[in-house]
Amino acid sequence: MWNSINNLRLLSPSIPAIVKIILFFSTWIVVWLPAAIVLAIALKWHPPQPLGNKKLPLLASLYVIVPFILWATSWVENTSFTNWGWELQPAVLMSLLRGLGLGIISLVILFGLQLSAGWIELKIGEFSSETGEKKINPWALIFSPASLLTLLLALWISSTEELIFRGCLQTILQKDYSMLITAAIASFIFAIAHLIWAAKETLPQLPGLWLMGMVLTLARIADNGSLGLAIGIHAAWIWGITTVDTEGAINPTGRAPEWITGIAAKPLAGAAGILLLLATATLLFLIQISVNQP
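First, a word on what this report is: a plain description of the structure on this page. Source: prediction; values computed, not measured. (Residues numbered from 1 in each chain as written. Predicted model: local features only at pLDDT ≥ 70, side-chain atom pairs only at ≥ 80, totals over all residues. Heavy atoms only, no water.)

This part is about the packing of aromatic side chains. Aromatic ring pairs: the centre-centre distance and the angle between the two ring planes describe each pair. Under the definition given, this model contains eight aromatic pairs. Through a chain of ring-to-ring contacts, the aromatic side chains of Phe24, Phe25, Trp28, Tyr63, Trp156, Phe165 and Phe190 assemble into a single cluster. In this arrangement the basic side chain of Arg166 is found over the ring face of Phe190, its NZ or CZ atom lying 4.5 Å from the centre. (Phe/Tyr/Trp six-rings, centres within 6.5 Å; stacked < 30°, edge-to-face > 60°. Lys NZ or Arg CZ within 6 Å of the ring centre and 35° of its normal.)

A separate point is the pattern of salt bridges. One pass over the full model with this rule turns up five salt bridges. Across the pair Lys20 and Glu77 runs a salt bridge whose closest N-O atoms are separated by 3.1 Å. Of this pair, Lys20 sits in helix α2 (residues 17-42) while Glu77 sits in helix α4 (residues 66-77), and the two are 57 residues apart along the sequence. Accessibility expressed as a relative area gives 12% for Lys20, which makes it buried. Residue Arg166 is joined to Glu162 by a salt bridge in which the shortest nitrogen-to-oxygen separation is 2.7 Å. With a gap of four residues between them, Arg166 and Glu162 both fall in helix α7 (residues 145-173), about one helical turn apart. Under the relative-accessibility criterion, Arg166 is labelled buried at 0%. Given the relative accessible area of 0%, Glu162 is considered buried. Beyond isolated ion pairs, a larger network of salt bridges with shared partners links Lys20, Glu77 and Lys175. (Salt bridge = Lys/Arg side-chain N within 4 Å of Asp/Glu carboxyl O. Helix = DSSP H or I, 4+ residues; strand = E, 2+ residues; numbered from the N terminus. Buried < 20%, exposed > 50% of the residue type's maximum accessible area, 1.4 Å probe, protein only.)

The backbone phi angle of Asn78 is positive, close to 55°, even though this residue is not glycine. With respect to the helices and strands, the residue Asn78 is situated in the loop between α4 and α5 (90-117). Residue classification places Asn78 among the exposed positions, given a relative accessible area of 59%. For Asn224, which is not glycine, the phi dihedral falls at a positive 55°. With respect to the helices, strands and loops of the structure, Asn224 is situated in the loop between α10 (206-222) and α11 (228-247). Given a relative accessible area of 60%, Asn224 falls into the exposed group.

Attention shifts here to a nonpolar patch on the surface. Residues Ile18, Val19, Ile22, Leu23, Tyr177 and Ile181 make up a contiguous nonpolar surface patch of about 470 Å² in total accessible area. If you tally residues by element for the nonpolar patch, the top one is α2, at four residues. Mapping Ile181 onto the fold places it in helix α8 (residues 179-193). (Patch = residues over 30% accessible without salt bridge, like charges linked within 9 Å, V, L, I, M, F, W, Y side chains within 5 Å. Areas by Shrake-Rupley, 256 points an atom, 1.4 Å probe, with all protein chains shown as cover.)

Structure below.
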């Protein structure tokens, strides 16, 4: 077996990038399936039942093996995580924090504009004992224990996904394709991969997920090849949208069609969410230009 793996390493430079990607995901799925089957039995879940709150254990079991799959891939490719944009350096941490800030601000603008236009309404709040009216308290939502736990999960998920899609996959694909084609392929795989959890809900979001992947690729370029900025933006979007969704904090008012606010209240399935991504891409492009100026 060791000889076979060593031969794969020797043959790696001659293997087409797309074949390597297929091998990567095939290996990941084969390694994960035993744990997934045991978990599914323990959780008393089977397809096509909706996952509901059973999604998190299955997702965790899938992502916890990623470091081993990526380490094996880096060994076969004779490269390092550093070449994929992953470095434990203060500069990367600062980029991550800037990304978090940028992602949060973009969501505040997205929801703020829709609130101002009367397209959505806030549902989270507390009742005033004096007037009996419901008072909106977004700070209680943001700093609740559940929200902070969601932030930690968002950082884990975004770190894992960025290292896979904008790190490993993108670097491998770039050996055979241009940057634009590479970004398009990696973003397509990124979008399609989300179908595994909730195909019906994800289908209307596929264009938005693909565009999100392209924007996060641009974030890596703007950050001089580092994944810090992309991880921060991705984490902020996961945190904000998941918190709003799980808490039922925002509901459409019906004053704007679903294709604007998002089909089934999913921002990535609506024109407003797409415009948010395009605006973020424009800002990242300007950052990239300013960084490259002498």
